[in-house]
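Close look at the chain arrangement
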Amino acid sequence: MAIAKVKKVRIIAHRDARDDIIGILQDMRSCELISEQEQGGKKKQAGGMDSDALQHLENELTDLRFALRFLESHYDDPENAMERLLGAKDSYSLEELKDLKDAADFASLSKESRTLERRLSQINTERGQIASLLETLSSIRSFPYELSLLTTGTERVRGVVGTIPAAQAEQFEAVIEENLDTMGECRRFAPEEKDAPPVVAILYETEKAQKIEELLGQYPFSKVDLPQSLSGFVGDEEARLHDREEALQQERLELEERAAALADEWVPECRKAVDYLGVLRDRGEALNKAGRTERTVAYTLWCPADRLEELEAAVSALDLPTDLSSTDPEPDEDPPALLRLPAYARPCEVLTKLYGAPHYHAMDPTVPMAPFFILFFGMCLSDAGYGVVITGLILLLIYKYRMEGETRRFFNLFLFGGVSTIAVGILCGSWLGNLFAAFPFLSFFQPVVEGISLINPMEDPITYLLIALALGFVQVLYGLGLAFRDNWKQGDRIAAIGDQGGWGLILIGILLIALGSQGVGASFSLLGKLCAAFGAGLLVATQGREKPTLLGKAMTGLLSLYNVTSYISDILSYSRLLALGMATGAIAMIVNMLVTLIGDVPYVGWLIGLFVFLIGHTFSIAVNVLGAFIHSLRLQYVEFFSKFYSAGGRFMEPFEYNTKYINIKHNKT
């Protein structure tokens, strides 16, 4: 269901036609190339671009991507991030992009960008070092000697500076002074910050260096390494470092101005060139998937059956000799899955992709899932006001950013969910909770709301729960029906009747018994018992069919009946539709109640109430939309898919123009 038929195509052509064939395939955007090595044959020579040329192209692309990444950090983009993410891309032909690439000196741009980036990094590193040195010097500002005594020392004097925990500072200082005698000095400087450890500077005779080092090792003394360039008095060195920092800051500003100028000039062109080089790189890799002889190239690919004629026509139109043959997939092959969906189900394709691709010969769950997911989303949110907000916001985004492709389908998913929410909300009489009842100046709408509503989950939760469980029963039974049909088509009649048929009869029987117990009809109860008994008999007779012994078959069949609890649990899981629907209404009503209470505050009550109204309902929409999406999706993945669908295939990966910033026009050549 909805999985397109594919053909395995083999194209053999004169080697001069290789670029034209690759262009045709890339323009079609629907064929998946198969590497010659994937065919099980021995490794053949590349079909066109040698490894050196491809590596050169990869290096060129890497350099340009670096330049673009660097320049974008200094670029004042006229498009905001949302526009770049959601908006439609400008389109260019390959010829236009080639002319742009040939006319621009991107190699020099990449080289200058690396130079700027390297120097800015060096400046930032040096400024960080200066800041650290200034912090250290500020802590020993009262040091009366030249710093050369601490950095390089003299022939007879050495020095060291570091920090010591405050609790041990006095003892440490006393021990050091005792060992220095009169031929040294230990100075302790009070920290500028309250909890910082004190700084200690020690001057000592060169011959006592070993003794001092041993003493320092006995205490938690953290040495501070000062560069040898610090040789003057502290005040002079601070002034010099400040001057250096100002010079670096000025240089940084000049370099950033240069980077900004380059960015304004080159970023739009770099984006086009990056995509163009990416296309060429993809073509080179595709060329190397082909086999070749001295005069021919051969490509193997998967092509959708409904586009095979288009491919044949394009290849036969080439001036050079070509041969195209196609076959159906072999039974032992597992072709990629390509979904063909009706318009209403296309937004749900993303949900199937999140779960996993179907096998080529299996069933696509997207179409069966789509109406249930959209309905359940609306039931979980169940507020017409929220639905109007969501629908309006999605329509605004689609119109403003001219969305297309996967992005458009993803937003359409929430658009359909918003419409479903409006419909369910109208039937439930919920408009931003109890908006019209909570605020007297809107009360004239309340009779209209009540007149068109059919059920209020807050007042009659049992009815809403029964509707949710009924939908769950229908979906679970529908899943069993899909599995029944699939097994029947594949010739496994025993699995269809025994597995799905048996459980279907048991579930229908339980439903009829439940209806009969409620006085719907005595015959319902009898019929239900007969259905359940017949279904149980089928399960007992068939569920142990893989066991070798008669006893094993019987025991397995009997034990399989315990799985009825799993089916009942699956159906009860649909009660979450009631829980989330009531949660949405309850949160909205609480927000409205807070607004009415705040509104009684004199003078500013209405203003604060308006703020609470907007923030509260915005929060409610965000939280409940997330809950509606997750729980509706869970019902599909866990309760529905488990009955008939098993992923494990792979989606087709068409050879196409994989671009980030632009679209490629159809290549006429």
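What counts, and where the lines are drawn
Residues numbered from 1 in each chain as written. Predicted model: local features only at pLDDT ≥ 70, side-chain atom pairs only at ≥ 80, totals over all residues. Heavy atoms only, no water. Core = buried A, V, L, I, M, F, W, Y, C linked by side-chain atoms within 4.5 Å. Buried < 20%, exposed > 50% of the residue type's maximum accessible area, 1.4 Å probe, protein only. Helix = DSSP H or I, 4+ residues; strand = E, 2+ residues; numbered from the N terminus. Contact = heavy atoms within 4.5 Å. Salt bridge = Lys/Arg side-chain N within 4 Å of Asp/Glu carboxyl O. Axes fitted to C-alpha atoms, helices over the stretch in contact; angles between N-to-C directions. Parallel < 35°, antiparallel > 145°, perpendicular 65-115°, else oblique. Left-handed = near helix turned anticlockwise from the far one by under 90°. Patch = residues over 30% accessible without salt bridge, like charges linked within 9 Å, V, L, I, M, F, W, Y side chains within 5 Å. Areas by Shrake-Rupley, 256 points an atom, 1.4 Å probe, with all protein chains shown as cover. Lys, Arg positive; Asp, Glu negative; His and termini not counted. Charge placed at Lys NZ, Arg CZ, Asp CG, Glu CD. Expected span 1.5 Å × (residues − 1). Polar contact = N/O pair within 3.5 Å; in protein donor to acceptor, adjacent residues only side chain to side chain.

Here we look at the nonpolar core
Judged by nonpolar contacts, the single largest core of 85 residues is most densely connected at Leu351, Phe373, Phe376, Leu577, Phe629 and Phe644. Counting residues per element, this core draws most heavily on helix H12 (residues 366-381), at 11 residues. Residues in contact with phenylalanine 376, not counting those within four places in the same chain, are Leu471, Gln475, Tyr574, Leu577, Ser632, Leu635 and Gln636.

Points about the pattern of salt bridges
Under the defined criterion, the tally for this structure stands at 28 salt bridges. Between lysine 272 and glutamate 269 there is a salt bridge, with its nearest N and O atoms 3.7 Å apart. Separated by 3 residues within a single helix, lysine 272 and glutamate 269 lie in helix H9 (residues 234-287), roughly one turn from each other. A residue is classified by how much of its surface remains accessible, and glutamate 269, at 23% relative accessible area, is partly exposed. Among the charged side chains, a network of salt bridges with common partners joins Glu58, Arg281, Asp282 and Glu285.

A closer look at the packing of helix H7 (residues 169-180) against helix H8 (residues 209-217)
Relative orientation of the contacting elements H7 and H8 amounts to 165°, with a least axis distance of 11 Å. With respect to H8, the axis of H7 lies roughly antiparallel. When you trace H7 past H8, the crossing you get is right-handed. On the side of H7, the interface is formed by Phe172, Val175, Ile176, Asn179 and Leu180, while H8 contributes Lys211, Ile212, Leu215 and Leu216.

Quick look at a negative patch on the surface
Side chains of Glu135, Glu192, Glu193 and Asp195 sit close together on the surface and give a patch of like negative charge. Within the fold, aspartate 195 resides in the loop between strand S5 (185-189) and strand S6 (199-205).

Structural notes on the environment of glycine 627
Note on placement: glycine 627 falls in helix H23 (residues 605-640). Taking relative accessible area as the criterion, glycine 627 reaches 16% and is therefore assigned buried. Separated by 246 residues in sequence, glycine 627 and leucine 381 have C-alpha atoms that sit 8.4 Å apart.

Thoughts on helix H13 (residues 384-401)
The end-to-end C-alpha distance of H13 is 26 Å, a good match for the 26 Å that 18 residues give at a rise of 1.5 Å each. Here H13 has its buried residues at Ala384, Gly385, Tyr386, Gly387, Ile390, Thr391, Ile394, Leu397, Ile398 and Tyr401. Structurally, H13 contributes buried residues whose contacts are with helix H3 (81-86), H12, helix H14 (405-428), helix H22 (576-599) and H23. For H13, the side-chain oxygen to backbone nitrogen distance between the N-cap and glycine 385 is 2.9 Å, and the N-cap itself is aspartate 383. Of the residues flanking the end of H13, it is arginine 402, one or two places downstream, whose phi is positive at about 50°.

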